[in-house]
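Results of the structural survey
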Amino acid sequence: MTPNWKDTPASMWAWLGQRLSALFALGLITYHYFDPVNQRAQNILLAFVLFHAVLGLRVILLDLGLDTKKHKSALVVLVLFGIVLATAGALWNR
Amino acid sequence: MESVKVRVARNDPETGKSGWSEFNVDVREKTTVLDCLDQVQRTSDPSLGFRYACRVGMCGSCAMVVNGKDRWTCRTLVQRLEADTITIEPLRNLPVIRDLAVDFTPLWKKYRHIRPAFESGGAKRMLKAEVRRRREKIDRNVQCISCAICYSSCGYVASDPAYFGPHALLRAFTAVEDPRDGATDLRLRLVDNEHGCWKCHIQMNCTNSCPMDLDPSEGIQHLKRAVLYRRLLNPTRRKFAFTMAGAAVAAVVGYVVYAPKEWITVGPVDTVPTNTFLEFDRDGKRAFIRRIGEQIQAFSQRCSHQGCKLVWSGSSNEFLCPCHRGVFDRAGIPISGPPVRPIEQFETRIESGMVQVFL
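Residues numbered from 1 in each chain as written. Chains lettered and ligands numbered in written order. Predicted model: local features only at pLDDT ≥ 70, side-chain atom pairs only at ≥ 80, totals over all residues. Heavy atoms only, no water.

What about the sheet that holds strand 18 (residues 354-358) of chain B?
Residue and element names in this part refer to chain B. Spatial strand order, 8-18-17: three strands in an open sheet with antiparallel pairing. Every other strand in the sheet has two partners, leaving strand 8 (263-268) and strand 17 (348-351) as the edge strands with one partner each. Each strand axis lies, on average, 30 degrees off the axis of its neighbour in the sheet, ignoring direction. Note: strand 8 against strand 18, five bridges, orientation antiparallel. The residue of strand 18 that forms the bridge with Ile264 is Val357. (Pairing = 2+ DSSP bridges. Helix = DSSP H or I, 4+ residues; strand = E, 2+ residues; numbered from the N terminus. Axes fitted to C-alpha atoms, helices over the stretch in contact; angles between N-to-C directions.)

Set out below in structure tokens:
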């Protein structure tokens, strides 16, 4: 089989990203129980949770009837929104 | 004329043999992948098994996995692939009959399950605009040629062989949206289960790979909404009763849990200590209270970080949070640990010698 992972569409990356971020967030939450004051871990956890959340928002938008032709731009906007929130959280949590 | 290498997946269930065969095929400007296979069968290996019929993109019988992607081989030009080697495999998620030909039986079984045929007796009276709106939605999607590319590319068909798949669900969508059709409710009931429309998690591989440019993802999302409306608008008497009972319980719980703030009398001024904190608790309304001269100070007992109950340590003159090791000084300012905000303070007043706190 020719490796052509670059052809993987954005919708598939969004699906995969949401699954992986859920796994990472679960692991980090478990870690957080044992070491709650590690600020770097807190920031990474926030980033993963936000990433997971914006991908969930994308699914909600599609559920509510967002045109599948527009889902890519919605994905970009939502991920940028998540990055802004994660940065703001990291700055606030210094 | 150039030459390309064609790698073909071989599979013979009768003898159990499987593997790869390689052929060199001459291609011209307009040679398609199907032409390559045809040439191989005519000149090199007559035993190569594959299926096709019309060769012009109408019958949907020649779909295969070409260089890792599901494509209709009769409309896929070799030149467009821009590769020296063309790897051809049978469609995924369907049993292989021989080499590149797959058995469509599971696909058609699921298609029949959702009642694909038109059934008369639909809504007689409908606004013309509504009819037009629905027609616009389905017109594009009734062009399906049943090539099974969507079915082959779907990750959820791969993980759940009982999942109806995009092919059947797209037909269910076009039938449900058809204003003349009379079996809407039946079809919505058929797709409303874990192997039906709810199995779809919008990977959109079907929409991205459809050679006819149809949109099964959109159709399945529409089915989900239609199923939801059907459930919400046609509740049974039992469902209605359960919903009402749930709402009543929620209202009672909310009323008990919710406690509006009010002025609560703590006691005479001289009962409030100056060198330590009074741990006040009346019916779950809690505060740390102390007196500085004629001023009364009341702190919340909730940590400003995650809301755990604080402990006053008289020996070290600090508030300690047991949850995340947060520490506050006697003025409620965080000293160490995760808290960044000071402890919340409540309003206080002295009314005719009695201390009151707004809790």
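Topic: the interface of chain B and chain A
At the junction of the two partners, chain B supplies 27 residues and chain A supplies 25 residues. For the pairing of chain B and chain A, the buried interface totals around 2000 Å² over both sides, and the portion due to carbon and sulfur atoms is 52%. When the area that chain B buries against chain A is broken down by residue, the three leading residues are Ile202, Gln203 and Met204 of chain B, summing to 23%. Inspection of the region where chain B meets chain A yields zero salt bridges. Linking chain B with chain A are nine residue pairs in polar contact (both at pLDDT 80 or more). (Contact = heavy atoms within 4.5 Å. Buried area = accessible area lost by both parts, 1.4 Å probe. Salt bridge = Lys/Arg side-chain N within 4 Å of Asp/Glu carboxyl O. Polar contact = N/O pair within 3.5 Å; in protein donor to acceptor, adjacent residues only side chain to side chain.)

Re the pairing of strand 14 (residues 326-329) of chain B
Residues and elements named next belong to chain B. The pairing of strand 13 (residues 318-321) with strand 14 spans four bridges and is classified as antiparallel. Its bridge partner lying in strand 14, Phe319 is registered against Phe328. Hairpin geometry of strand 13 and strand 14 is characterised by an intervening segment of four residues between the two adjacent antiparallel strands and by a positive phi of about 60 degrees at Arg325. Sheet topology places strand 14 next to strand 15 (residues 334-336); two bridges connect them, and they run antiparallel. Paired with Val327 across the bridge in strand 15 is Ser336. Taking the residues that link successive antiparallel strands as the turn, the strand 14-strand 15 hairpin has four residues, and the phi of Gly332 there is positive, at about 85 degrees.

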